[in-house]
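Given next are the chains, with one letter for each unit.
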Amino acid sequence: MLLKPYRPADLFDELIDSNGQVRPYYQPVVDRLFHLDPRDLAHKVKNLELLFLKHGVTFTVYGDERGTERVFPFDPVPRLIPALEWETVEAGLIQRITALNLFLYDVYHEQKILSDKVIPEEVVLSAAHFRPEFVGIKVPRNTYIHVCGTDLIRDRDGRYLVLEDNGRCPSGVSYVLENRAAMKRFFPQLFGSSGVRPVDTYPADLLAILQYIAPRQTALPNCVLLTPGVHNSAYFEHSFLARQMGIEIVEGRDLAVLDGFVFMRTTHGLKQVDVIYRRIDDDFLDPKVFRKDSMLGVPGLVDAVRRGNVALANAIGTGVADDKVTYAYVPDMIRYYLGQEPILDQVPTFLAWRDEDRKYILEHLPELVVKAANESGGYGMLIGPMATTAEIEEFSQRIEATPRNYIAQPVVYFSQHPTLIDGALEGRHVDLRPFILCGETTKVLPGGLTRVALKRGSLVVNSSQGGGSKDTWVLSH
Amino acid sequence: MLSRVADHLYWMSRYIERAENIARLMQVSVELLLDGGGSSARKGSDYWSPVLAATAMEGAFRLLYPDSQLGDSSYFLTLDERNPDSIRSCIREARENARTARDQISDEMWAELNQLYLLIDSDRGAALLEATPQAFFEKIIQSSLLFGGITSATLSRTEGWHFIQLGKFLERADKTSRFLDIKAQSVDPSDTDLEALEWGTILRACSAQASYRRVNGTEFSAERVLDLLLLSTDFPRSVRFCVRMADEMLHNITGTLTGRYSNRCEKLAGALLARLNFASASDVLDRGLHDYIDDLQVALNETAQAIFETYVLIPQDTTQNIIHPATFDPLGYHYQSQQLQQ
């Protein structure tokens, strides 16, 4: 009954195959959904969102002086990924993060990839988030990115493509865990004997990594989570992770640096800090080194990091790896460092700073997506087919002025997934953000955050711009 | 525990207790308003002035409402966001402090406080107050009591607990003493009907009516009320009881023996407790109830300030006393804090 009006569009549909048949691994869930009354379903979603509100599972809306907190809209139809398919995605993600960490070690040490001219030197040296101050500085275990949230989309043929690597402060993992808990509570009947791989080991895995990189290998290194504060949009996630790991959540003002060591101010005096899982950008970490006006940071922190007295996750300077220009070279990195072909494809990318690419971009703006090299959250973007002439004119001027700052890609209409809209199922675009943890071993959380653009036809899945989320099930067989 | 977090827990607890006490006072005052009818009881906007005085909000009220109308003062005390001590503001503050220290409290504590906040901050809250004020006040009181119960049943008796209890008992001591001050400023002590009504009101605001009657029957006398609300060792809302609890919590934080002190806040709390331990109702009345309460308030404020200076402000000196986790010893703190008193 629910499924009848559902129509797959002219793109990859997660549920229906090209012959109009339900993909076999979805069948059990479809059967169980079929038995639910759509009004009952909508009622449960409402209760579920009220529960999120009551427990403060919310994000803060910026630009609102009352600091309004909103629930990230939840869609009850789970996204399924069969075991074999996931194996490939997982292997591809591990390969990619391994290459990115080797790349970061290289550009902050010998810079062999540059002298071998695999990546043009200027790409790296001109990246806004490259930190020359950190060239030659040792980081614990030679790992730079410990937590990565890579965005994946699926093209018309269902191929998973990497859209971007978020290797600075990726967020969203708390929703993965909360969504799963909510699904179990409100829709236990949907699980049946599906064999869904659990996600709740994430906090323990993250804590193990923090302890693994501690400079002082004591029995219980003091790990803390550094938040910008309660007004940050992701504050819920910060406090969630701190609670799950059982570590302190600190603000910059709670920390002090003395003689190159970091301490936190406690009711019993100062206590040394070994590892900081920071959810603050490089620029704000230390007003002595980076932005002088930062009220969030800790004066002297960078010096403590340089001396190796405290470890940061992620390390300083990882932004050079998730720069959108560097992105175009990741397949070359994989070949160079690992001698392998990339397992996961990515979106073809034109770089405005290359003369022939720029010419192509400027001539084809109405067909392309243009992105600023260092923005995130869906800002600083031009979607050619939906843009006005004035917007296109504005972007072509910007590209001419600062070509290093822009890249362009063909529009990829990512896959759609059935989503509950006004009591019926409709197709909506989805992406996937898996979370990868790099410590003693590299682990990918099974599944990740599936974000869904709730507006019909929209490709923007960001929570701040009308996005929602759903539970993602990686099947164990 | 982080100093900032200790401060948040302390204020979370103070604010919820404050909201509860304002609700208590307003709840009984509404009844008094209905009881008073055409007799000598106060009426209209003037009616709330003892409540404004008891909560030290009179000045702020006159400032915001120079030409106050009927209903202004009750709005000011309950839902007015411009009043930092209105019930709504207190609950918002309690919840904001809890949100900032969420990793230190249980999920159940957070959910209860957040739920109350979501109610009071919505149209549903305003509608409830409009339709049945008593139900509104009851909701605040119940929720605060429930929060205390949840805290007691879900939180480890470590530092966080001590700071939460400290905030609660200091606030309660302050409010009970202010309630007594209403009586001290009563306009007409010769009207015996009114006298009984007023004592009854204060006792009910402190949930003390049953305890009072069990001991004293239905006769009201100032001495007997003071014995219960100011000096009782057993009644959990009496000033002496609250100060004793606060003193105990302070000593738990440092591990100092009762009767001794290792820092200024312990010294002040201990001195105040000793004063109450050796006071009698007749001493208080000889000194004058209002003046006695004034002294009490000063001592409570000084203690609160000393707590802030000792645990939150972190004087520069402490930066020289670095505690390494391997050798961390809470008792080492005694030495450190004694240095600070010199």
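Worth saying up front: this structure is predicted, and the values here are computed from it rather than measured. (Residues numbered from 1 in each chain as written. Chains lettered and ligands numbered in written order. Predicted model: local features only at pLDDT ≥ 70, side-chain atom pairs only at ≥ 80, totals over all residues.)

### Observations concerning the overall build of chain A
Thinking step 1. When helices and strands are tallied, chain A shows 15 helices and 23 strands.
Thinking step 2. For 477 residues, the compact-globule estimate of 2.2 N^0.38 gives 23 Å, and chain A sits close to it at 23 Å.
Thinking step 3. In terms of principal-axis extent, the alpha carbons of chain A reach across some 70 × 60 × 45 Å.
Thinking step 4. For chain A, the proportion of its 477 residues judged to be buried stands at 47%.
Thinking step 5. Contacts in chain A between residues far apart in sequence, at least 24 positions, make up 69% of those at least 6 positions apart. (Helix = DSSP H or I, 4+ residues; strand = E, 2+ residues; numbered from the N terminus. Rg over C-alpha atoms; globule rule 2.2 N^0.38 Å. Buried ≥ 20, exposed ≤ 12 C-beta atoms within 10 Å, placed from the backbone. Contact = placed C-beta atoms within 7 Å.)

### Observations regarding the domain arrangement of chain A
Residues and elements named next belong to chain A.
Thinking step 1. Looking at the assigned domains, one finds that chain A contains domain 1 (25-345 + 431-474) and domain 2 (348-410).
Thinking step 2. For domain 1 and domain 2, the distance between their C-alpha centroids amounts to 27 Å.
Thinking step 3. Contact with domain 1, which involves 12 residues of that partner, is made by nine residues of domain 2.
Thinking step 4. A class-by-class count of the residues in the side of domain 1 that touches domain 2 yields five nonpolar, five polar and two charged. (Domains from an automatic or database assignment. Nonpolar A, V, L, I, M, F, W, Y, C, P; charged D, E, K, R; others polar.)

### Brief notes about the domain arrangement of chain B
Residues and elements named next belong to chain B.
Thinking step 1. Domain assignment breaks chain B into domain 1 (1-155) and domain 2 (157-342).
Thinking step 2. Listed per partner, the contact involves 26 residues of domain 1 and 26 residues of domain 2.
Thinking step 3. Mapped onto the side of domain 1 that touches domain 2, the elements with two or more residues apiece are helix H1 (3-36) and helix H3 (49-54).
Thinking step 4. For the side of domain 1 that touches domain 2, the element with the highest residue contribution is H1, accounting for 17 residues.
Thinking step 5. In terms of residue class, the side of domain 1 that touches domain 2 is made up of 12 nonpolar, eight polar and six charged.

### A few points about the environment of Met183 of chain A
Thinking step 1. Mapped onto the elements, Met183 of chain A comes out in helix H6 (residues 173-186).
Thinking step 2. The spatial distance from the C-alpha of Met183 of chain A to the C-alpha of Ala424 of chain A is 19 Å, given a sequence separation of 241 residues.

### Examining the pairing of strand E6 (residues 223-226) of chain A
All names here are of chain A.
Thinking step 1. Side chains of E6 alternate between two faces, with Cys223 and Leu225 and Val224 and Leu226 buried alike.
Thinking step 2. Bridge analysis of E6 against strand E7 (residues 248-250) gives three bridges, and the strand direction is parallel. Across the sheet, residue Leu226 finds its bridge partner in E7, namely Val250.
Thinking step 3. Handedness of the crossover joining E6 and E7 through helix H9 (residues 235-245): right-handed. (Pairing = 2+ DSSP bridges. Right-handed = clockwise from strand over helix to strand, strands pointing away.)

### Comments concerning the pairing of strand E3 (residues 74-81) of chain A
Residue and element names in this part refer to chain A.
Thinking step 1. Most of E3 is tucked away, with eight of its eight residues classed as buried.
Thinking step 2. Every second residue of E3 is oriented toward a common face, with Phe74, Pro76, Pro78 and Leu80 on one face and Asp75, Val77, Arg79 and Ile81 on the other, all of them buried.
Thinking step 3. Here E3 pairs with strand E23 (residues 467-474) via five bridges, running parallel. Of the residues in E23, the one forming a bridge with Asp75 is Lys470.

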